[in-house]
Structures are given as C-alpha cells and as structure tokens.
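Overview (structure and organization)
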Amino acid sequence: MAVNERVKELRELIRKHDYYYHVLDAPRISDVEYDQLLNELVELEEHYPEYITEDSPTQRVGGVVLEGFEKVEHTIPMLSLGNAFNDDDLRAFETRLRKVVDRVEYVVEAKVDGLAASLKYQEGKLVLAATRGNGVIGEDITENVKTIRSVPLVLRKPITIEVRGEIYMTKANFVKLNEQRQRNEEALFKNPRNAAAGSIRQLDSKVAASRVLDFVAYHHAIKDEDAELSHSETLSYLKEIGFKISDYRVCENIDKVIQHVQTIEEKRHHFDYDIDGAVIKVNEKGLYDTIGYTAKSPKWAIAYKFKAEEVITKIKDIIFQVGRTGQITPVAILEPVEVQGSTVSRATLHNEDYVKLKDIRINDDVMIKKAGDIIPEVVGVIEENRTDQIAFEMIEHCPKCQEKLVRTSGEADYYCVNDACPAKAVETLIHFASRKAMNIEGLGERIIEHFYNEGYLKSIPDIYRLKDHRDELVLKAGFGEKSIDKLIENIEKSKKNSLELLLFGLGIRFVGEKVSKVLAYHFNSIFDIMNSDEETLLAIPEIGEKIAQSIIDFMNQERVKSVIEELEVLALNLTSKQVRKEGVFSGKTFVLTGKLARFTRDEAQNEIEMRGGKVTSSVSKKTDVVLAGEDAGSKRDKAEKLGVKIIDEETFIDWIK
Ligand code: IVH
C-alpha cells in the first residue's frame, strides 16, 4: 500500500475508534492497540511531512503559542438561560408556554458545569472554536479546542454547521491535575469548572493539551432547514455526526419533567463530571420563534438549578459598604469556608431590616449557602450555639466620609448623600471599568482604589488621562513598566467601545445592560439622549416613567454634563454604530494577520468597520480579503490555498484613501 493511502487509512481508523470511545462510550480496541495506530501515524508523518494535514489526529498535541486570544463575533448570539429553583418555577415555565402554545413536549438534559463554547465546521472540518464571552463577542480558542479528544476535528458528514456545547473537566481528571500541581507546588484549582476555564485560556496549546478536557454538545445554532427537527432529533443528529451528547429524556408533560429532574438531582454525584442542574427545553423547534426570546435568553428553555450546599461558619464581624449610589450595605465577615468549591469569606446582609429580621449578631454561627447563584447568603442563625454575641447596630454616619446617613421613609436602605464621598467615587469608577461595562482589563478594584488615593483618578475622564502620568506611575512602587503600558493600551482600546457599554458604565439608576442597549439602539448619540425629553423616552416600549425620569435627572446634572463633554474631548465613542454601517467595504469580510506598521489591529479593524466591512479571525472560503502584514504566517498560507485575495498594508492604505 502506498504511504499516503496508509496515512489516510490510519486517520480514518483512529477517528472511528475515537468515536467508539468518546461518543458511544464503547471502545472496540484496547488503549495499547489505539496507541499503536497513533504511533504508526506519527512516524509516517515524521518521515513524510508532506502528508500532514491540519485535521490529522496527530495534531491534537498542541504546539501553537499565541500572544493573546483574538475576539470573534458570534454569527448568532450565544444566549444564556433563565433559572428555576423549585417545582413552582417549573410549573410557572409551563404556564408561560401554554399561553402561546397548546401542547408542549419537553427534553430534559443534565446541566454540565463547565463553560459554553461554539464550534464552527466547514464542510465537515473544524475551522473555529470560540468561548461565549459576553454572548455577542467571544474569544478564539480554536488551537486549544483542537486538543480536546472528544471534539471531532472532522465530522462524520462533510457538513457546514455551528455546534454549541460545554467544555468541562471530569472529576477524575481534575483530581489528577491538582495532585500533580500539588507536587509541583503550584496553586490548586478550586473546582473542575475553574480548572477547565483556566486550561482553555492557556496561550500555549501544549499546556492546554496536557489538561485533559472534554466537550459535550447540546445545541446547534439554528438554521432554517432544520427547524423541522425536534430538539431530541437534533441531539441524535449531533451524536451521529460525531459529538458526545449528555443524557437526555423526552418528557411529555411538566410532571414527568419534575420527576426526571429529581432523579437527576438524586444521582448527581454519580456523574463523572460536575452537574449543577438540569436544562429543560421545548422539544418542538418549530415552536421556538412563536415562543420567543427575552434580551438574554430563549423563552423555550430554562435551567433548573439544584439546591445549593449549605455550610456552617461563624460571623467574625459586620462591616458597612458604601455603594455607587451611596447605598449602605451591611456585610458579614465570615470565618472562611468552602461552599460549592470556592472559599467564602463574606456575605451580604442587604440592609438593617434583614439583619434584624434574622436577628444576626457578631460571633453567631450561621448557615451559609450560594443559592444557584454565585452570591453567598446567610440562610439563618444557629441559635442553640449562642454564647457571647454582640448585638447588631446600624451606623448613623458614612464609614468613609462621616456624613450623616439618610433613610427615606418607606425605603429599607440608608444612603450617604455626600456627592464628594470618596467611597461613591471609587465605586463609580469600579463599575465603569468592570467587565460588563467598559471592560477595561487590569483596571480592577485594588488599582482603582490605589490610584484614587494617590490622586490620579477622581472621576471617569481621569481614567483616560492616566497615560499623561505614565512615567510617574512607573516610578511608584508596585507597578512595572509593562503592566502600566498594557493598562494604558486597554484603556485606549475601550475608547472605541459601543455606546451601550458606555451608557451602562455611567451607572444611571435603573439603566442596566438591557436598557442601555435599547437606548443605544434608539438614539444616534449620547447627545441625542441628553437632549431628549420625557415624551421621546416614553415612546420607547421598554422605557417606563421611572426609567425616563432617572435618565433625565442624571443627564441634567452639571457634573454629568461636564463628564460627557470631557469624554468627547478625550475622543471616546459617544455614537451608535448603526449610523455608519454602510460604506465601500459593505458586505466584505476581512481577516487581519501579521504585524502592520501604521495601524494597531484595533485601528485597522476600526477603519474596516467604519466603512461597513467585517473582521473575522480565521480564513475561510467566505473571507473576501486578507490584510497581511509582516511575518504573516498560516493565515496567509491558507488564504493562498483557498485563492482568497491577499493585500499588503500599502494597498490597504490606498483603498481607505
Ligand atoms: S442550552 C440557547 N443545554 O448552562 C441555549 N446549556 O445557564 C443555551 N449548559 O450557557 C444553552 N448544559 O453553558 C444548554 N444541556 C445544556 C447545558 C447548558 C450546560 C450551560 C451553558 C449555558 C448555561 C446556561
């Protein structure tokens, strides 16, 4: 047999056995026999490198080292799910569905506790894998995903499809990994989920390859032609084309759903991997559009979260936090305890009434849980353990600025009403830079507080003036030149953020992520919002009186007006994107590769997007233009192979002129 034929045969054999092992969970050969096949292929490829292909099973060992993860825009947003915590919530889910459809059949799946990922296949080949990110934009983790053995590099049918599922680490692999890390005196991972997340974000794919991960498919981004399939049929289809899927059951009514969810909960500890609940989906996909979506999640599915573990610990102290709006929150400082895989050392006590109602005192033994959520909560006091407790007393003055606190009658919360309160300023900055707002990596709580105390950061515009103090900041202890430069780069990058992120970041009362999005959609710029009156705002369906009034009050403050003016001078994007979507590059998809001399990547991307074009991270037949800078590598080669147009920086500059 000719070498290339044997190479091909080996690949097919290995793929087949991967399928038996990972998907069907029924290996047909021993590990030793499997290794022999793989070794033979490795040796042949070593001797005949011309036969190596990107999708060969030998390519799972990793080797590519990235500088960072490129952002990828999801073709269809990756939604999350609404939650149910008990049977009543499930029945309410059914009631909501029955308002729009007559009869519903459900599919119940185990909810694997890992991280969501989206895998794109073109003509059967894996071309792109991305994290969920914020649901709209994720990160390109293709190199690392290729090392996951339960992810097929080649599907069993040459189809183009986007498959979504969960990347996770089995409990056994998690234990092994931590044992090894302990031996190497490395920090241990808290739980399999963290270990999986940490591994998938390794820049060196060899390291990722060493952290055995798994993938289970649960969904594929819906295309018209398969809306006819039911969800259970989709799952079998996913299995057929090469994916591991989680156990599922079709239930013909909500009682059966409740029963099955209970069964899963009872045996949750028997699974090889952590599960944190069950996912319930309407089986008939043809109904999905009728049932509809909220801004964040489909209405045809819900996640049932298992009851949280409860543990006992002691309250060492109760402190008071000042929020962005001046709201005062009592917080319990706890004897640190493990709850659901992470250490908890504080829990919110919400407000004075809550503490009094539960009669929580310093030195009390209390029951703690993390109800489905991530936020630790005090469930109750163990009264029989009481000895020398200290009664709770609400403070009367702001712990930061000593201003007398105000409690509006009828409200549970006390507020610090001092506009110059440093705690409020710091919280405002923290919120602005946070992940869901302007997402300025490196500008976290500690640094903000430090810069605030040093006088560099008093208000939001100061963030964009930090670069003027670069050298001073470098001289100050604790900050390396590199980290300051990286921070400044991230700050600069955030100037181009969309209007909705900026609006959310400003922290207008009642204007959360969703309303920010709505505002950015309806107005062309922040100035249009500032100039709008109540009537205009109320004409927007999602905006009621409370929100409208809050926006007007906010925008009318002199402080706010001057912040916005300063942000304009500092060249932040204050406009909505949709006003400049059309241009010479409309409908064209670009890929950037290599080093450009005159632009950073973001700048080049911006130039393209401003002219209506789109930038994606990997080259495919759908790519129209590859802009190749210096040292362009595999993407350029791929473009050549596919016959995609390649241009250099000079040509690009000509074009945009
Ligand atoms: S369906 C639009 N099915 O849970 C469909 N999600 O709380 C969205 N998850 O982001 C997801 N197992 O990361 C779905 N069988 C399953 C799942 C599952 C785990 C995760 C997923 C999602 C999160 C939502």
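The structure under discussion appears in the preceding block.
Since this is a predicted model, take the numbers as computed values, not measurements.

Description of the site of the ligand
Surrounding the ligand, one finds Leu79, Leu81, Glu109, Ala110, Lys111, Val112, Ala116, Glu166, Tyr218, Val279, Lys281 and Pro298. At 3.0 Å from a nitrogen atom of the ligand is found a side-chain nitrogen or oxygen belonging to Lys281. If the ligand stood free it would expose 530 Å²; the protein chains cover 90% of that surface. Taken together, the elements giving at least two residues each to the shell around the ligand come down to β3 (106-112) and β10 (275-282). Sort the elements by how many residues they give to the shell around the ligand and β3 lands first, with four residues. Residue composition of the shell around the ligand, by class: eight nonpolar, no polar and four charged.

Some thoughts on the nonpolar core
Membership of the largest hydrophobic core comes to 55 residues, with the highest contact counts inside it found for Tyr464, Leu519 and Met555. Residue contacts for Tyr464: discarding those within four places in its chain leaves Phe432, Met438, Ile440, Ile491, Ser494, Lys495, Leu567, Leu570 and Leu572. Ala117, Ile161, Leu213 and Phe243 belong to the second-largest nonpolar core, a separate cluster that totals 33 residues.

Re the packing of helix α12 (residues 422-433) against helix α13 (residues 445-454)
Closest axis-to-axis distance for the α12/α13 pair is 10 Å, and the angle between their directions is 135°. It follows that α12 is oblique to α13 by the angle criterion. For the pair α12 and α13, the crossing hand works out as right-handed. Facing α12, whose interface residues are Pro422, Ala425, Val426, Leu429, Ile430 and Ala433, α13 presents Glu445, Ile448, Glu449 and Tyr452.

Here we look at the packing of aromatic side chains
Using the criterion set out here, one finds 15 aromatic pairs in the structure. Between Phe271 and Tyr273, the aromatic rings sit 5.6 Å apart at their centres with planes inclined by 55°, giving tilted as the arrangement. When its relative accessible area of 14% is taken as the criterion, Tyr273 is described as buried. An aromatic cluster is present here, built from Tyr121, Phe215 and Phe243 joined pairwise through their rings. Between Lys546 and the ring centre of Phe510, over which it is positioned, the NZ or CZ distance is 4.4 Å.

Section: empty space enclosed by the protein
One way to see where empty space is left: roll a probe the size of a water molecule over the atoms. In this structure the tally under the stated criterion is one cavity of 30 Å³ or more. Considering only enclosed or pocket space, the largest cavity measures out at about 40 Å³ in volume. Every residue lining the largest cavity is listed: Glu73, His74, Thr75, Ser118, Lys120, Leu128, Ala129, Ala130 and Glu162. When residues of the lining of the largest cavity are traced back to their parent elements, those giving at least two are β4 (115-122) and β5 (125-131). Taken together, the residues of the lining of the largest cavity sort by class into three nonpolar, three polar and three charged.

Quick notes on the pairing of β5
The buried fraction of β5 is high, at six of seven residues. The sheet contact formed by β4 and β5 spans six bridges and is antiparallel. In the strand pairing of β5, Ala117 is matched with Thr131.

Overview of the layout of surface pockets
For the second largest pocket, the calculated volume is near 1200 Å³. Around the second largest pocket, the lining is made up of 45 residues, and of these Tyr21, His22, Thr170, Asp214 and Lys244 lie nearest the centre. Of all the elements in the fold, those that place two or more residues in the lining of the second largest pocket are α1 (3-23), α2 (31-47), α5 (171-183), α7 (205-210) and β8 (214-220). For the lining of the second largest pocket, the residue count by class is 21 nonpolar, 10 polar and 14 charged.

Criteria and thresholds
In every chain, residue numbers begin from 1 and rise along the written sequence. The model is predicted, so local features are restricted to residues of pLDDT at least 70 and side-chain atom pairs to those at 80 or more, both for listing and for counting; the totals for chains, interfaces and linings are taken over all residues. As a convention, hydrogens and water are excluded, and side-chain values are obtained from all of the structure's heavy atoms. If even one non-hydrogen atom of a residue comes within 4 Å of a molecule or strand, that residue is called near it. Here a polar contact is taken to be a pair of N or O atoms separated by no more than 3.5 Å, where protein atoms must pair a possible hydrogen donor with a possible acceptor and residues adjacent in sequence count only if both atoms sit in side chains. Method for areas: the Shrake-Rupley scheme with a 1.4 Å probe, in which residue coverage is limited to the protein chains shown. A run of H or I in DSSP becomes a helix once it reaches four residues, and a run of E becomes a strand once it reaches two; helices and strands are each numbered from the N terminus. Under this grouping Gly is polar, as are all residues other than the nonpolar Ala, Val, Leu, Ile, Met, Phe, Trp, Tyr, Cys and Pro and the charged Asp, Glu, Lys and Arg. Residues belong to a common nonpolar core when they are buried Ala, Val, Leu, Ile, Met, Phe, Trp, Tyr or Cys residues joined through side-chain atoms within 4.5 Å. Exposure categories follow from relative accessible area, calculated using a 1.4 Å probe and restricted to protein chains: below 20% of the type maximum is buried, above 50% is exposed, and the middle band is partly exposed. For this analysis, residues touch if any pair of their heavy atoms sits within 4.5 Å. Angles here are taken between N-to-C directions and fall from 0 to 180 degrees, while the axes themselves are lines fitted to C-alpha atoms, restricted in helices to the stretch in contact. In what follows, roughly perpendicular refers to angles from 65 to 115 degrees, roughly parallel to angles under 35, roughly antiparallel to angles over 145, and oblique to any angle outside these ranges. A crossing counts as left-handed when the near helix is turned anticlockwise from the far one by less than a right angle, and as right-handed when that turn is clockwise. Each Phe, Tyr or Trp ring (for Trp, its six-membered ring) is paired with any other whose centre lies within 6.5 Å, and the angle between the two planes then decides the class: stacked below 30 degrees, edge-to-face above 60, tilted in between. We count a charge as sitting over a ring when the NZ of a lysine or the CZ of an arginine lies within 6 Å of the ring centre and within 35 degrees of the ring normal. Cavity: a set of points on a 1 Å grid over the protein atoms alone where a 1.4 Å probe fits but cannot get out. Pocket: an open set with protein on both sides within 12 Å along at least five of seven lines, its lining residues, like those of a cavity, having an atom within 4 Å of a point. Grid points are joined across faces, edges and corners, and a volume is the space filled by probe spheres set on the points. Any two strands with at least two DSSP-identified bridges between them are counted as paired.

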